[in-house]
Amino acid sequence: MEYPQLEVWLEIGREGRCFTYKDGLKLGIGLGDLVLVRLKGRPMHGLVVGKGNLKQAKIDSLLVPAEKEHRLENIEGLVQKAAVDTQWRDWLEVMAHACHTSPFRMLKTALPPGWLGQQKTYNFNSKKLWWVSIQTCRDSNQTLSSRQKNLEEFLLQCGGGAWLKSLNAQGFSTGLVNNLMALGRINREKRELFPNGSDHIKDFDDLPINLEQPNELTNEQQSAVDLFASLPEGASLLLWGVTGSGKTEVYLHIASKELLAGRHCLILTPEIGLVPQIVDRFRKRFGSRVLEYHSNCSTKERVNTWRKILNSSRPLVLIGTRSAVFLPLSPLGLIVLDEEHDSSYKQESPMPCYHARDMALTRAQRTGSKVVLGSATPSLSTWKNLVPNGPISLARLNNRISHMPLPTVHVVDMRNELAQGNRRLISRSLMARLRRLPESGEQAVVLVPRRGYSSFLSCRSCGEVVHCPNCDVALTVHRGQGDSQWLRCHWCDHRANLERQCHECGSTAFKPFGTGTQRVMDQLSKDLEGLKLLRFDRDTTRGRDGHRRLLEKFASGDIDVLVGTQMLSKGMDLPRVTLAVVLAADGLLYRPDLSAEEQTLQLFMQLAGRAGRGERPGEVLVQTYCPDHPVIMHLIDGRYEEFLKKESKLRKEAGLIPYRRACLLRFSGQSASLISEVASSLADKIRPLCDSTGWNIIGPAPALVAKVAGKSRWQLLLHGPEFSQLPLPAGSSLWNSIPKEVSL
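Residues numbered from 1 in each chain as written. Predicted model: local features only at pLDDT ≥ 70, side-chain atom pairs only at ≥ 80, totals over all residues. Heavy atoms only, no water.

K.L.:
Honestly, the overall build of the chain in this entry has me stumped. Any pointers?
P.N.:
The helix and strand tally for the chain stands at 23 helices and 32 strands. Looking at the chain as a whole, 51% of its 744 residues are labelled buried. Contacts in the chain between residues far apart in sequence, at least 24 positions, make up 74% of those at least 6 positions apart. Carbon and sulfur atoms form 48% of the exposed surface of the chain, whose accessible area is close to 34300 Å². (Helix = DSSP H or I, 4+ residues; strand = E, 2+ residues; numbered from the N terminus. Buried < 20%, exposed > 50% of the residue type's maximum accessible area, 1.4 Å probe, protein only. Contact = heavy atoms within 4.5 Å. Areas by Shrake-Rupley, 256 points an atom, 1.4 Å probe, with all protein chains shown as cover.)

K.L.:
Can you help me understand unusual backbone geometry in this one?
P.N.:
The linkage connecting Ile657 with the following residue, Pro658, adopts the cis geometry, with an omega of 10 degrees. Structurally, Pro658 is set in the loop between helix H21 (640-654) and strand S30 (660-669). The phi dihedral of Lys40 falls on the positive side, at around 55 degrees, and the residue is not glycine. With respect to the secondary-structure elements, Lys40 resides in the loop between strand S3 (34-39) and strand S4 (42-55). Backbone geometry at His100 places phi at a positive 55 degrees, although glycine is not the residue there. Position of His100 among the secondary structure elements: in the loop between helix H2 (86-98) and helix H3 (103-110). Given a relative accessible area of 11%, His100 falls into the buried group.

K.L.:
I tried to follow the nonpolar core on my own but got confused; where do I start?
P.N.:
Most often, soluble globular proteins have nonpolar side chains that are buried together. One finds Trp88, Leu107, Leu266, Phe326, Leu327 and Phe604 to be the most contacted residues of the largest nonpolar core, which totals 85 residues. For this core, the leading source of residues is helix H19 (residues 596-608), giving six residues. Leu239, Val275, Val317 and Leu334 belong to the second largest nonpolar core, which has 29 residues in total. (Core = buried A, V, L, I, M, F, W, Y, C linked by side-chain atoms within 4.5 Å.)

K.L.:
Quick question: what am I supposed to make of the sheet that holds strand S32 (residues 711-721) here?
P.N.:
Hydrogen bonds along the backbone pair up the strands of a sheet, which may run parallel or antiparallel. Ordered by their spatial adjacency, three strands build an open sheet running S30-S32-S31, and the pairing between neighbours is antiparallel. Here the strands that pair on one side only, and so sit at the sheet edges, are S30 and strand S31 (696-708). The average undirected angle you get between the axes of adjacent strands in this sheet is 25 degrees. Relative to S32, S31 is paired through seven bridges, and the arrangement is antiparallel. (Pairing = 2+ DSSP bridges. Axes fitted to C-alpha atoms, helices over the stretch in contact; angles between N-to-C directions.)

K.L.:
Is there a simple way to explain the confidence of the model for the chain in this structure?
P.N.:
Caution is warranted with low-pLDDT regions, since their predicted coordinates should not be read in detail. The share of residues in the chain with pLDDT of 70 or more is 86%, and the mean pLDDT across the chain is 81. Looking across the chain, the model is least confident in helix H1 (residues 56-62), with a mean pLDDT of 41, and most confident in strand S11 (residues 264-268), with 96. In this model residues 55-69 is a low-confidence stretch, pLDDT under 50, and it forms 14 contacts with partners more than four residues away in sequence or in other chains. Across residues 195-208 the pLDDT falls below 50, and counting only partners more than four positions away or on other chains, this stretch makes 45 contacts in the model. (pLDDT = per-residue confidence, 0-100.)

K.L.:
What is the right way to read the environment of Val577 from this model?
P.N.:
Among the secondary structure elements, Val577 is positioned in strand S28 (residues 577-582). A relative accessible area of 1% places Val577 in the buried class. Considered as a pair, Val577 and Val561 are 16 residues apart in the sequence and their alpha carbons are 9.0 Å apart. Among all residues touching Val577, those that are not within four sequence positions of it are Gln443, Ala444, Val445, Phe554, Arg610, Ala611, Gly612 and Arg613.

K.L.:
Would you explain the sheet that holds strand S14 (residues 332-338) in this entry?
P.N.:
An order of S12-S13-S11-S14-S17-S10-S18 is seen for the seven strands of this open sheet, with the pairing classed as parallel. In this open sheet, the two strands that pair with only one neighbour each are strand S12 (290-293) and strand S18 (392-397). The average angle at which neighbouring strand axes cross in this sheet is 20 degrees, direction not considered. Here strand S10 (residues 236-241) pairs with S18 via six bridges, running parallel. Of the residues in S18, the one forming a bridge with Leu238 is Leu394. The sheet contacts of helix H10 (residues 299-311) involve S12 and strand S13 (317-320), and relative to S12 the element is tilted by about 140 degrees.

K.L.:
Teacher, can you tell me more about the environment of Gln221 here?
P.N.:
Position of Gln221 relative to the elements: it lies in helix H7 (residues 219-230). As a C-alpha pair, Gln221 and Gly246 span 25 residues in sequence and 7.5 Å in three-dimensional space. The residues contacting Gln221, other than those within four sequence positions of it, are Glu216, Ser245, Gly246, Glu249, Val250, Leu397 and Ile401. A polar contact is formed between the side chain of Gln221 and the backbone oxygen of Gly246, at a distance of 3.0 Å. (Polar contact = N/O pair within 3.5 Å; in protein donor to acceptor, adjacent residues only side chain to side chain.)

K.L.:
What should I look at first to understand the packing of H2 against helix H11 (residues 356-367) in this one?
P.N.:
In a pair of packed helices, the angle between the axes and the distance between the axes together describe the arrangement. Viewed as axis vectors pointing N to C, H2 and H11 meet at an angle of 135 degrees, and their least axial separation amounts to 11 Å. By the angle between their axes, H2 is oblique relative to H11. Crossing hand, H2 versus H11: right-handed. Residue-level contacts link Gln87, Trp88, Asp90, Trp91, Val94 and Met95 of H2 to Met359, Thr362, Arg363 and Arg366 of H11. Its residues assigned to classes, the contact of H2 with H11 shows five nonpolar, two polar and three charged. (Parallel < 35°, antiparallel > 145°, perpendicular 65-115°, else oblique. Left-handed = near helix turned anticlockwise from the far one by under 90°. Nonpolar A, V, L, I, M, F, W, Y, C, P; charged D, E, K, R; others polar.)

K.L.:
Before we go on, may I ask you to explain H10 in this structure?
P.N.:
Since there are 3.6 residues in each turn of an α-helix, residues three or four apart along the chain are aligned in direction. For H10, with 13 residues, the first-to-last C-alpha span of 18 Å sits near the 18 Å given by 1.5 Å per residue. With 10 of 13 residues buried, H10 is to be regarded as a mostly interior element. Here H10 has its buried residues at Thr299, Glu301, Arg302, Val303, Asn304, Thr305, Trp306, Arg307, Lys308 and Ile309. Of the surrounding secondary structure, the elements contacted by the buried residues of H10 are strand S5 (77-80), H2, H3, S12 and S13. (Expected span 1.5 Å × (residues − 1).)

K.L.:
Where do I start with helix H8 (residues 247-260) in this structure?
P.N.:
With 14 residues, H8 ought to run about 20 Å at 1.5 Å a step, and its terminal C-alpha atoms sit 20 Å apart, in line with that. For H8, a buried count of 10 out of 14 residues is recorded, marking the element as mostly surrounded by other parts of the structure. Among the residues of H8, those classed as buried are Lys247, Glu249, Val250, Tyr251, Leu252, His253, Ile254, Ala255, Glu258 and Leu259. Directly beyond the C-terminal end of H8, a positive phi value near 85 degrees is found at Gly262.

K.L.:
What am I meant to see in the pattern of salt bridges here?
P.N.:
Side chains carrying opposite charge are able to pair once their charged atoms draw close together. Under the defined criterion, the tally for this structure stands at 22 salt bridges. Arg285 is the salt-bridge partner of Glu249, the closest N and O atoms lying 3.1 Å from each other. Remark: Arg285 occurs in helix H9 (residues 275-286) and Glu249 occurs in helix H8; sequence separation between them is 36 residues. Each member of the pair, Glu249 together with Arg285, is buried. Where Arg651 meets Glu647, a salt bridge forms, and the shortest distance between an N and an O atom there is 3.1 Å. On the criterion of helical spacing, the pair formed by Arg651 and Glu647 is a turn pair, its members being four residues apart in helix H21. (Salt bridge = Lys/Arg side-chain N within 4 Å of Asp/Glu carboxyl O.)

K.L.:
Is there a simple way to think about the packing of H19 against helix H20 (residues 630-637) in this case?
P.N.:
At a minimum axis separation of 10 Å, H19 and H20 run at an interaxial angle of 35 degrees. Considering how the two elements wind past one another, H19 and H20 form a crossing that is right-handed. Along its contact with H19, which presents Glu597, Thr600, Leu601, Phe604 and Met605, the element H20 presents Val631, Ile632, His634 and Leu635.

Right under this line is the structure:
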């Protein structure tokens, strides 16, 4: 008997290995299928990468007697048909080479969790339930009861169809459904329902569904849409618009045209917290076509989203964070990176390290889709590549949709506050402004650089700071209910009780230093009684709908002040907010980072954009001890492009990125001596190539945070010409020279 012989790629070792199986159960397995196999008795999911035919008799003849028992095993099941497209996999392999990693590691990163590797207990299978849908053509002369009319209206509000069990839950009986079926006004059919409740919804575009109609575009918005339409396939466009200028409406109009042309759209955001608002905007316009994909989605939801993409008969809109750039959308017409300047688009660990912007641009060039990079404060890397110096076209939105001016900026010199006896976190002018919020019906957002209560706990007698036992960082003070306090590491999540006595000198004079979101909340609640506060940081937005829940509560008007970390500044459209506050600007200005000033100005200008988006003018209040800092001055005058010109000149003259290339190699492991030895060995190995290609090696040296989660960290910094290749071994060969005990 002849069986298809299949090469299956399994997650074995660092880079994965191929094993040969047969399709003895005649499942019709093909290239790119995800299958269920067993390896030494363990169930595993693998990818079919090779195919051939081989007779069982020939297999037996090739085996020596001792090996007869190791005949080819059967593939036990089909997990997903055609999970990996050839064109998509070719793009991944190109990206893997560029990222100096193996195709297997890149594939493992791209696919949803649970699809490759040892089989978990996830139930990815679907079940069939009754789906009720409204007929397109209905007899207008038929007389309906009020209850029958209510059922039809409910189906239309649901997009044209709903599950029978959902109708029953709404009080519509099965008998009522049967009566409308008898009249030929609705249809009932069995349809697949996946474990998370998602379904395969057919096209209802011709139905009078209550979808939002497109808004009329301004002249600037229309010019941007027209420019995008005129660009060739594979091109990219920077949509540079001030905050509140209607960039999202431009995305919606462009996406509408792409959907009508039968092409998918991919909308990326830097933070999960931005997803709910964008999803809501797109679903109002496009209904059930809109799906989301990010790490807050469960494993089942992400797998089912992939399946819906692979099985969809109509173009979809996918909204997600950087990992969504890998979704197998074909044909793909549009990729949007909203807030393209945000550093969250960069994956720094674990490997593979990539930037979603670079992935999107490369994918667009290979597939013929187009990219829109949207921002009010574009990155220097994007700005330097604008036409005519680079390939990125430019469309500007200089005016807000509301025709309101950009908020005015007021700087509070905290040195004067201190000289006049005010030692509090909050200046007197800010206190007075916040006190007026409830009576005026306005709201404020307050940016605090850190979450928690205080940045660290220190002994006032000897200066000793309480550090995490696993990491080379200070523990942060957190406060719970009933004024209870504890210590927590924001790197490894180690937790400990609050110290009462110094281990160095025995003193009990311990005091928390620094400011976190919890401490600001505590201070505001004490000084401004009656002010309704809400905290918005990583600790309070956990869970599937954590961001949406808090933002809806704030948007309802029940809260006066939203206190949070940097996620406050990104993309939120809250018309009642008239005041944006930066409490401690100095901590962000002096970070040991080349891009500290660029990123801080972007953050401040984005935060400023949250104010005055409605009918009332906005204002920004910045508390700082350095009011003459260049970043503060540019925030006041609002001339962001002037800052880019100065920063560009400075970096170009100094030979710094983005006018040079830089690559940081970070090694980690349990043994500090082994880590330093491996880093030195690799430096010696690549030094000849670096010398011949004009690259410099800095290090090896301990990382800025030399220990995280019990592992020591060393690093090498490579610095070289802008358009040259990295002086590193190609592909995964870099990994072959590194012991298993060391991670890169």
